[in-house]
Amino acid sequence: MEQEFKQGYRMHRILSNLNRLDVDRLDDADRERVETARDLLEEVSLLTRPGDGVGADVHADS
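Residues numbered from 1 in each chain as written. Predicted model: local features only at pLDDT ≥ 70, side-chain atom pairs only at ≥ 80, totals over all residues. Heavy atoms only, no water.

Chemist: I keep staring at the overall build of the protein chain and nothing clicks. Help me out?
Modeler: If you tally the helices and strands in the protein chain, you get two helices and zero strands. Counting all 62 residues of the protein chain, 13% fall into the buried class. Put simply, the protein chain shows about 5500 Å² of open surface, and 51% of that area lies on carbon and sulfur atoms. (Helix = DSSP H or I, 4+ residues; strand = E, 2+ residues; numbered from the N terminus. Buried < 20%, exposed > 50% of the residue type's maximum accessible area, 1.4 Å probe, protein only. Areas by Shrake-Rupley, 256 points an atom, 1.4 Å probe, with all protein chains shown as cover.)

Right, dumping it as structure tokens:
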């Protein structure tokens, strides 16, 4: 359980750091990369979130 907590905390920190970036100062390609990374991390966070099981039936396309 402690490992899951650490992973969730790391995910939260990464998302927080991405959200703090001043994307207005980035060029279009970097802005798109940040948005893609943010979307992917949020999706993974939803899939791995313990608790009520919401999202447990969601499968990512590969």
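Moving on from the model shown.
Chemist: Can you walk me through the environment of L21 in this structure?
Modeler: Along the chain, L21 turns up in the loop between helix 1 (2-20) and helix 2 (28-48). You can call L21 partly exposed: its relative accessible area is 40%. For the pair L21 and R31, spaced 10 residues apart in sequence, the C-alpha to C-alpha distance is 9.6 Å.

Chemist: What should I look at first to understand the environment of H12 in this one?
Modeler: Checked against the element boundaries, H12 lands in helix 1. For the pair H12 and E42, spaced 30 residues apart in sequence, the C-alpha separation works out to 9.1 Å.

Chemist: Even after reading the chapter, I still don't get the environment of R31, so can you show me in this structure?
Modeler: You can see R31 is positioned in helix 2. By relative accessible area, which is 23% here, R31 ends up partly exposed. Here R31 is in contact with V23, D24 and L26, once residues within four sequence places are set aside. (Contact = heavy atoms within 4.5 Å.)

Chemist: Looking at this structure, how should I read the nonpolar core?
Modeler: Here is a general trend for soluble globular proteins: nonpolar side chains tend to be buried in one another's company. The biggest cluster of nonpolar side chains holds six residues, and these are M11, L15, L18, V23, V34 and L41. Of all elements in the fold, only helix 1 and helix 2 reach the threshold of two or more residues within this core. Top element by residues in this core is helix 1. It accounts for three residues. (Core = buried A, V, L, I, M, F, W, Y, C linked by side-chain atoms within 4.5 Å.)

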